[in-house]
Amino acid sequence: DTPDTLSKWYDTRNMPLTVAVDTGAKFVRQMAWRSTPMFAVLGKDDKGAYRLRYQGSYDDNADAAKATKTFVADAVEAILAGKDVAVKQSYTVFG
């Protein structure tokens, strides 16, 4: 996927996000992730520094229509509402 197609995908879900492409998988290696896709949601702390607020799967099912938990959307909504992110990590493996 390109940054443009990813941004459009998020726009269809009304998520005001910045998409970063991890060229060379540097971030993936630093986070020690072993599978993809994995998502990282960053949010500012009370001092204005960005902190990792959620990492893991987008949701809990490979079929979006069957998902019962939407981890990334829930994390973003919590951050935008000024609340703590309830689920900080999730590693749902599909396949």
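Here's what I pulled together on the structure shown here. Just so it is clear, the structure is predicted and the values come from calculations on it, not from any experiment.

## Quick notes on the pairing of strand E2 (residues 50-56)
Here is step 1 of the chain: Pairing of strand E1 (residues 39-44) with E2, which is carried by six bridges, proceeds in the antiparallel orientation. Looking at the pairing, Ala40 lines up with Gln55 of E2.
Here is step 2 of the chain: Taking the residues that link successive antiparallel strands as the turn, the E1-E2 hairpin has five residues, and the phi of Gly48 there is positive, at about 90°.
Here is step 3 of the chain: Sheet topology note: the E2/strand E3 (residues 89-90) ladder contains two bridges and is parallel. From the neighbouring strand, Gln55 faces E3, where its bridge partner is Gln89.
Here is step 4 of the chain: Considered for its hand, the β-α-β crossover made up of E2, helix H3 (residues 71-80) and E3 is left-handed.

## Concerning the sheet that holds E1
Here is step 1 of the chain: What the three strands build is an open sheet, ordered E1-E2-E3; its pairing is mixed. Two strands in the sheet have a free side with no partner beyond their single neighbour: E1 and E3.
Here is step 2 of the chain: Of the strands in this sheet, E1, E2 and E3 are in contact with H3, which crosses E1 at around 5°.

Rules used in this analysis
- Residues numbered from 1 in each chain as written.
- Predicted model: local features only at pLDDT ≥ 70, side-chain atom pairs only at ≥ 80, totals over all residues.
- Heavy atoms only, no water.
- Pairing = 2+ DSSP bridges.
- Helix = DSSP H or I, 4+ residues; strand = E, 2+ residues; numbered from the N terminus.
- Right-handed = clockwise from strand over helix to strand, strands pointing away.
- Contact = heavy atoms within 4.5 Å.
- Axes fitted to C-alpha atoms, helices over the stretch in contact; angles between N-to-C directions.

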